[in-house]
Amino acid sequence: MQLIDTHVHINFDVFETDLELLQTHWQQSDVVHLVHSCVEPGEFPSIQALANRFKELSFAVGLHPLDADKWTATTAEEILAYAQSDSRVVAIGEMGLDFYKADNQEWQKQVLEAQLAIAHRLDKPVIIHCREAADSLRDILESFRQNQGMIKGVMHCWAGNPEETQWFLDLGFYISFSGIVTFKNAHQIRESALMVPSDRLLIETDCPFLAPVPKRGKRNEPAYVRHVAEFLAQWRGVSLETLAQQTTENACQLFQLSIQN
């Protein structure tokens with residue numbers, strides 16, 4: 001069995017002292033590949049160094065919406081240059097909209113649109129963060145598709161309701177579920193998890209955040225994506241092996257990964 005954790009942040013300081021142990025854990029849990037997301041381009045060298053250290057790692061480059069104020073006149077060229085500098089860059093992101101407590105919504109939209117343009121130019125998928133902003137995000141993605149062309153990608157750490165889920169499925173996006181889906185009160189998220197077609201389903205940890213049940217409250221790590229897979233398999237009425245195969249094939253398709261058996 002092979003699992004892929006499609007969203008990690010193992011460059012964070014909380015992992016600094018035990019990365020080799022972390023790798024042992026994910027290997028013991030059948031995790032064969034990680035996609036490392038990027039909060040802001042300044043992280044790129046540290047993420048690239050991790051990819052040099054761990055052959056299982058591919059990664060992205062982009063600017064998180066909560067860091068939108070870091071966008072400058074040179075950020076777009078910086079992201080573009082980084083993305084073209086290393087073949088292990090498989091996506092642009094994470095980008096998106098986060099309107100929870102935000103007072104810079106219009107600026108976030110501009111930063112998102114600029115990064116969508118980079119991804120379209122490079123024909124790379126996007127990793128989308130969306131919190132309290134599904135309506136606006138849908139409008140931007142629909143407008144981009146009409147005016148500039150198709151954009152592919154994943155709604156990461158998805159926590160939307162079924163109606164919102166259908167919006168992004170209709171736009172051609174993959175939907176990735178994290179440990180949140182295992183939480184007791186995640187009723188709408190679980191409804192969404194039932195409706196995503198098997199060929200659009202992805203799994204992730206978003207570690208070090210949001211550890212799934214039965215590890216909730218602890219530091220999350222890539223090995224725990226297995227708990228997400230186990231829950232979703234049971235919830236969707238398929239075997240763990242079937243769900244692992246489906247989500248691994250989907251990750252390979254979206255991110256153009258080549259996984260050795």
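Residues numbered from 1 in each chain as written. Predicted model: local features only at pLDDT ≥ 70, side-chain atom pairs only at ≥ 80, totals over all residues. Heavy atoms only, no water.

Visitor: Looking at this structure, how should I read the nonpolar core?
Guide: Looking at soluble globular proteins, one finds that nonpolar side chains tend to be buried together. Core analysis: the biggest nonpolar cluster contains 75 residues, and I10, I92, L116, F168, F173 and F177 have the highest contact counts within it. Apart from the residues lying within four places of it in its own chain, the contact partners of L116 are M95, V126, I140, L141, F144 and I151. Grouped together as the second largest cluster of nonpolar side chains are 15 residues, A91, I127, V154 and A251 included. (Core = buried A, V, L, I, M, F, W, Y, C linked by side-chain atoms within 4.5 Å. Buried < 20%, exposed > 50% of the residue type's maximum accessible area, 1.4 Å probe, protein only. Contact = heavy atoms within 4.5 Å.)

Visitor: For this particular structure, what's the right way to read the packing of helix α7 (residues 187-195) against helix α8 (residues 225-236)?
Guide: When two helices pack together, their arrangement is given by the angle between their axes and by how far apart the axes lie. Viewed as axis vectors pointing N to C, α7 and α8 meet at an angle of 70°, and their least axial separation amounts to 10 Å. Here α7 lies roughly perpendicular to α8, going by the angle between them. Contacts between α7 and α8 involve R190, A193 and L194 on the former and, on the latter, F231, L232, W235 and R236. Looking at the contact of α7 with α8 residue by residue, the class counts come to 5 nonpolar, no polar and 2 charged. (Axes fitted to C-alpha atoms, helices over the stretch in contact; angles between N-to-C directions. Helix = DSSP H or I, 4+ residues; strand = E, 2+ residues; numbered from the N terminus. Parallel < 35°, antiparallel > 145°, perpendicular 65-115°, else oblique. Nonpolar A, V, L, I, M, F, W, Y, C, P; charged D, E, K, R; others polar.)

Visitor: Would you mind going over the pattern of salt bridges with me for this structure?
Guide: Between side chains of opposite charge, a pair can form as their charged atoms come close. The tally for this structure, following the rule as stated, stands at 9 salt bridges. For R226, the salt bridge is made with D30, and the minimal N-O distance between the two is 2.7 Å. Of this pair, R226 sits in helix α8 while D30 sits in the loop between α1 (19-28) and β2 (31-36); the two residues are 196 residues apart in sequence, bridging distant segments of the chain. Note on R226: relative accessible area 23%, which makes it partly exposed. Between D139 and R138 there is a salt bridge, with its nearest N and O atoms 3.9 Å apart. (Salt bridge = Lys/Arg side-chain N within 4 Å of Asp/Glu carboxyl O.)

Visitor: Help me out: how do you make sense of the pairing of strand β3 (residues 57-61) in this one?
Guide: The two faces of the sheet receive side chains in turn, since in a regular strand these alternate between them. For β3, the tally of buried residues reaches 5 of 5 residues, placing the bulk of the element in the interior. Neither face of β3 is left uncovered, since the one carrying L57, F59 and V61 and the one carrying S58 and A60 both have all their residues buried. Summarising the sheet, β2 and β3 pair through 3 bridges and their orientation is parallel. The residue of β3 that forms the bridge with L34 is L57. Of the strand pairs in this sheet, β3 and strand β4 (residues 89-98) are connected by 3 bridges, and their pairing is parallel. Bridging from a neighbouring strand, V61 pairs with I92 of β4. (Pairing = 2+ DSSP bridges.)

Visitor: Teacher, can you tell me more about α7 here?
Guide: Given 3.6 residues per turn, any residue in an α-helix points the same way as the ones three and four places further on. Taken as a whole, α7 has its buried residues at I189, R190, S192 and A193. Down the axis of α7, the buried set is contained in an arc of 155°. They therefore lie on one face. Turning to α7, the residues buried within the fold contact α6 (162-170), β7 (174-177) and α8. (Arc of directions from axis to C-beta.)

Visitor: I tried to follow the sheet that holds strand β8 (residues 201-203) on my own but got confused; where do I start?
Guide: Strand pairing within a sheet occurs via backbone hydrogen bonds; the two strands may be parallel or antiparallel. Read from one edge to the other, the open sheet built from 8 strands follows the order β1-β2-β3-β4-β5-β6-β7-β8, with strand pairing classed as parallel. The strands lining the two open edges of the sheet, one partner per strand, are β1 (3-8) and β8. The sheet shows a mean angle of 30° between the axes of neighbouring strands, taken without regard to direction. Against the sheet, helix α9 (residues 240-255) touches β1, β2, β4, β5 (126-131), β6 (153-155), β7 and β8, its axis set at about 95° to β8.

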